[in-house]
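Here is what each chain is made of, one letter per residue.
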Amino acid sequence: MRCPFCAHEDSQVKDSRPAEDGSAIRRRRQCSKCGARFTTFERVQLREVTIVKAGAGGAPQRREPFDRAKLERSVALACRKRGIAQEQIDQLVSGIQRQVETAGESEIASAKIGELVMDGLRQIDSVAYIRFASVYRDFSEARDFEEFASTVTEAGEAKTSGTGKGGD
C-alpha cells in the first residue's frame, strides 16, 4: 500500500480489526520509509456498478463508476450536527452499497440510489431525511420544504398512533 505522505510503495500492517459490523476490515499501517501511520479499509466488492445520471435540460445521460466515498459524504452531510453516530452512517452506506451490488445490474439510475438513501435516512432521523431530500429533489422555494416536511410529520404521527383509523 502506497504511503499517502511520502508515496513510498511499502508499508506494514500494525493492527487489523473488523469494522462496520464485519463488512469491512480496518487496518492501521506504518510507512517503512517515513514512519507515518495511516488507516485503510478493506471491503468486499461484488461487482463494478455504473451510475446513470439523468441529463439536465435535455442534456444526454452521464455515466460514472459507483463511488462509495461520494455516497458516504452526501449522507454524512445530511446527518451533520444531528448526533448520529458514524457507525449508523457506515451501516446505512454499507447496506446501500450491498443492495446496489447485489441487484444484478451493471448500471443503476442515480434516482434509485437517492431513493435508497432517503428510505434509510427516514428510519434514522427525520431532519437528515429532509436535508437530503431538499438537495435530491431540488427544492427551489421555502414552500417545497413546508410541503415535504408536513408529509414527514404526518407520516410520523400516523406511525406513532398506529394506522390512524378507528379502534379507540
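Computed from a predicted model, the values in this text were never measured in an experiment. (Residues numbered from 1 in each chain as written. Predicted model: local features only at pLDDT ≥ 70, side-chain atom pairs only at ≥ 80, totals over all residues. Heavy atoms only, no water.)

## Topic: the pattern of salt bridges
Piece 1. Under the defined criterion, the tally for this structure stands at eight salt bridges.
Piece 2. Close ionic contact of Glu9 with Arg2 constitutes a salt bridge, the shortest N to O distance being 3.0 Å.
Piece 3. In this structure Glu9 comes out as exposed when scored by relative accessible area, which is 53%.
Piece 4. Between Glu42 and Arg27 there is a salt bridge, with its nearest N and O atoms 2.9 Å apart. With Glu42 in strand E3 (residues 37-43) and Arg27 in strand E2 (residues 24-31), this residue pair connects regions lying 15 residues apart in the sequence.
Piece 5. Residue class for Arg27 comes out buried when judged on its relative accessible area of 18%. (Salt bridge = Lys/Arg side-chain N within 4 Å of Asp/Glu carboxyl O. Buried < 20%, exposed > 50% of the residue type's maximum accessible area, 1.4 Å probe, protein only. Helix = DSSP H or I, 4+ residues; strand = E, 2+ residues; numbered from the N terminus.)

## Here we look at the pairing of E3
Residues in a regular strand project their side chains so that they alternate between the two faces of the sheet.
Piece 1. Looking at chain direction, E2 and E3 are connected through seven bridges and run antiparallel. Residue pairing across strands places Ile25 opposite Glu42, the latter belonging to E3.
Piece 2. Hairpin connection of E2 to E3: five residues between the antiparallel strands, including Gly35 at a positive phi of 80°. (Pairing = 2+ DSSP bridges.)

## As for the sheet that holds E3
Piece 1. One open sheet accounts for three strands, arranged E1-E2-E3; its pairing is antiparallel. Each edge of the sheet is formed by a strand with only one pairing partner; in this case those strands are strand E1 (11-19) and E3. Averaged over all neighbouring strand pairs, the angle between strand axes comes to 25°, with direction disregarded. (Axes fitted to C-alpha atoms, helices over the stretch in contact; angles between N-to-C directions.)

## What to know about the environment of Glu9
Piece 1. Relative to the helices and strands, Glu9 is located in the segment before E1.
Piece 2. For the pair Glu9 and Cys31, spaced 22 residues apart in sequence, the C-alpha separation works out to 8.4 Å.
Piece 3. For Glu9, the side chain forms a polar contact with the side chain of Arg2, separated by 3.0 Å. (Polar contact = N/O pair within 3.5 Å; in protein donor to acceptor, adjacent residues only side chain to side chain.)

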